[in-house]
Amino acid sequence: MLEIGDKRVFVTGGASGIGRAIIEALLAKGAKVLFCDVNADAGKGLETELRKQYGADRVIFAQCDVTNAQQLEDVFQKAVSSFGGLDVCVNNAGILDERIWETMLAINTTAQIRGCKLALDHMRRDKGGRGGVIINVASMAGIVAAHYHPVYTASKHAVVGFSLSWATHPKMGEMGVRWGCLCPGPVDTKLITVLEEGQAENLPVYRHVLDTNKVPPESAAQAFIRLLEDDESNGGLMTVVAGREQGHYRKRQLVDADGVSNPRLADIPWTPT
Ligand SMILES: NC(=O)C1=CN([C@@H]2O[C@H](COP(=O)(O)OP(=O)(O)OC[C@H]3O[C@@H](n4cnc5c(N)ncnc54)[C@H](O)[C@@H]3O)[C@@H](O)[C@H]2O)C=CC1
Ligand SMILES: CCCCCC(=O)CC\C=C/C=C/C=C/[C@@H](O)[C@@H](O)CCCC(=O)O
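Residues numbered from 1 in each chain as written. Chains lettered and ligands numbered in written order. Predicted model: local features only at pLDDT ≥ 70, side-chain atom pairs only at ≥ 80, totals over all residues. Heavy atoms only, no water.

A. Quick look at the site of ligand 1. The environment of ligand 1 is formed by 28 residues, the closest being Asp-37, Asn-92, Tyr-152, Val-187 and Thr-189. A distance of 2.7 Å is found between an oxygen atom of ligand 1 and a backbone nitrogen or oxygen belonging to Asn-92. Separating an oxygen atom of ligand 1 from a side-chain N or O atom of Tyr-152 is a distance of 2.7 Å. Considered on its own, ligand 1 offers 830 Å² of accessible surface; in the complex 94% of this is hidden by protein. Contributions of two or more residues to the shell around ligand 1 are made by helix H1 (17-28), helix H5 (150-167) and helix H7 (190-196). Per-element tally for the shell around ligand 1: the top contributor is H7, with 3 residues. Residues belonging to the shell around ligand 1 are distributed by class as follows: 16 nonpolar, 8 polar and 4 charged. (Near = heavy atom within 4 Å. Polar contact = N/O pair within 3.5 Å; in protein donor to acceptor, adjacent residues only side chain to side chain. Areas by Shrake-Rupley, 256 points an atom, 1.4 Å probe, with all protein chains shown as cover. Helix = DSSP H or I, 4+ residues; strand = E, 2+ residues; numbered from the N terminus. Nonpolar A, V, L, I, M, F, W, Y, C, P; charged D, E, K, R; others polar.)

B. Region of interest: the packing of H1 against helix H9 (residues 217-229). One can describe the packing of H1 onto H9 by two numbers: an axis separation of 8 Å at closest approach and a directional angle of 55°. The orientation of H1 relative to H9 falls into the category oblique. The interaxial crossing formed by H1 with H9 has right-handed handedness. Taken together, the residues of H9 that come into contact with H1 (itself represented by Gly-17, Ile-18, Ala-21, Ile-22, Ala-25 and Leu-26) are Pro-217, Glu-218, Ala-220, Ala-221, Phe-224, Ile-225 and Leu-228. Here the residues of the contact of H1 with H9 sort into 11 nonpolar, 1 polar and 1 charged. (Axes fitted to C-alpha atoms, helices over the stretch in contact; angles between N-to-C directions. Parallel < 35°, antiparallel > 145°, perpendicular 65-115°, else oblique. Left-handed = near helix turned anticlockwise from the far one by under 90°. Contact = heavy atoms within 4.5 Å.)

C. Spotlight on the nonpolar core. By size, the foremost hydrophobic cluster in this structure holds 36 residues, and its most contacted members are Ile-22, Leu-26, Leu-182, Phe-224 and Leu-228. Counting residues in hydrophobic clusters, the runner-up holds 29 residues, among them Val-66, Phe-76, Leu-86 and Val-177. (Core = buried A, V, L, I, M, F, W, Y, C linked by side-chain atoms within 4.5 Å. Buried < 20%, exposed > 50% of the residue type's maximum accessible area, 1.4 Å probe, protein only.)

D. Representation of the environment of Gly-85 within the structure. Inspection of the secondary structure assignment puts Gly-85 in the loop between helix H3 (69-83) and strand E4 (88-91). Look at Gly-85 and you get buried, because its relative accessible area is 5%. Residues Gly-85 and Glu-98 lie 13 residues apart in sequence; the distance between their C-alpha atoms is 37 Å. Excluding residues that lie within four positions of it along the chain, Gly-85 makes contacts with Arg-8, Ala-79, Val-80 and His-122.

E. Main features of the confidence of the model for the protein. Of all residues in the protein, 85% have pLDDT values of 70 or greater, and the mean over the chain is 87. Mean pLDDT in the protein bottoms out at strand E8 (residues 252-255), which sits at 44, and peaks at strand E1 (residues 8-12), which reaches 99. Contacts for the low-pLDDT stretch residues 245-250, under 50 throughout, to residues beyond four places or in other chains number 19 contacts. Here residues 252-273 is a poorly scored stretch, pLDDT under 50, and it has 71 contacts once near neighbours within four places are set aside; other chains count. Across the assembled chains, the prediction reports ipTM 0.97 with pTM 0.91. (pLDDT = per-residue confidence, 0-100.)

F. Focus on the environment of Lys-214. Turning to its location among the elements, Lys-214 is positioned in the loop between helix H8 (203-210) and H9. According to the relative accessible area criterion, Lys-214 is partly exposed, its value standing at 26%. Separated by 213 residues in sequence, Lys-214 and Met-1 place their C-alpha atoms 29 Å apart.

G. A look at the state of the cysteines. Inspection of every chain in the model, using the stated rule, returns 0 disulfides. Lacking any disulfide linkage, Cys-36 is separated from the closest cysteine sulfur, that of Cys-64, by 4.3 Å. There is no disulfide at Cys-89, and the cysteine sulfur nearest it, in Cys-116, is 6.4 Å away. Given a relative accessible area of 0%, Cys-89 falls into the buried group. (Disulfide = S-S within 2.5 Å.)

H. Layout of the packing of aromatic side chains. Under the criterion given, the structure shown has 4 aromatic pairs. With 5.5 Å between their ring centres and 85° between their planes, Phe-10 and Phe-76 make a pair best called edge-to-face. Of this pair, Phe-10 sits in strand E1 while Phe-76 sits in helix H3, and the two are 66 residues apart along the sequence. With centroids separated by 6.1 Å and ring planes inclined at 10°, the aromatic side chains of Trp-166 and Trp-179 adopt a geometry described as stacked. Note that Trp-166 is positioned in helix H5 and Trp-179 in strand E6 (residues 177-184), a separation of 13 residues in sequence. (Phe/Tyr/Trp six-rings, centres within 6.5 Å; stacked < 30°, edge-to-face > 60°.)

Next comes the structure, spelled out in structure tokens:
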């Protein structure tokens with residue numbers, strides 16, 4: 001089991017929602033976190049709040065638009081230099097708006113992949129690094145088809161495919177980098193609230209999903225922690241869906257909506273490659 005307490009973590013899109021819940025869960029377990037977000041006010045506010053609770057040396061915020069390659073590289077390097085290295089990279093920043101689908105692909109897919117490449121270059125043992133873990137916040141929409149947001153679904157399938165490809169790389173052992181994806185169903189965050197405010201063109205279709213149960217961001221964060229702590233989870237797709245206990249996807253774990261019970265349900269066993 002990975003000991004989170006001494007780990008140095010980089011999180012994108014951490015100022016709200018699932019990213020924020022992940023940061024709080026990591027800090028509670030003793031990690032140091034540098035998080036970035038495009039929203040400077042929310043990020044600074046959260047940094048101030050968390051520093052009071054956990055200490056200024058354990059939480060750093062840096063503003064960054066992840067679609068700007070230079071900005072993303074700069075904040076990543078800031079995390080490395082601030083903590084003397086990085087052990088965990090969490091690519092979380094994402095949006096859901098089919099009307100600006102190119103921007104959505106730039107944030108949800110291109111920037112997540114860029115974050116992975118920065119982390120891999122830094123971590124891989126076969127190139128002088130010290131190993132590490134890369135977790136991408138994908139979605140159930142990275143596993144199943146979701147006709148109500150096809151580009152969002154494509155953006156998340158791409159992230160899952162990219163992560164699994166590296167996870168099954170024959171030299172993964174030499175690299176010492178573990179890969180995983182967090183794949184929640186609907187989570188109660190701003191990403192969904194904007195839909196409720198009528199942003200989506202096809203709101204009646206979204207309505208169906210919005211009316212189904214959502215999990216709180218804290219449950220998604222608990223599932224994230226289980227994925228991170230499990231040394232055997234390389235290639236894992238950790239799903240979190242309200243009211244569901246079992247699934248049928250290869251290499252995944254499923255947790256209850258409370259994120260606690262049945263953490264290691266594996267109806268299909270892990271199949272290390
Ligand atoms: N809420 C949900 O139902 C689900 C969300 N997800 C994924 O979880 C991740 C986090 O989303 P939520 O917490 O739900 O939404 P959220 O809207 O609460 O948080 C997303 C954060 O990303 C930041 N962000 C957006 N664009 C950015 C950019 N260009 N550069 C830097 N930061 C940027 C936002 O400012 C915000 O703080 C996303 O990747 C989303 O696709 C996955 C499954 C379900
Ligand atoms: C309209 C809100 C979209 C929120 C954005 C997301 O990323 C949510 C995830 C998108 C699709 C979710 C699909 C969830 C499906 C489950 O309810 C269930 O039908 C699939 C369960 C499959 C299984 O566990 O075997």
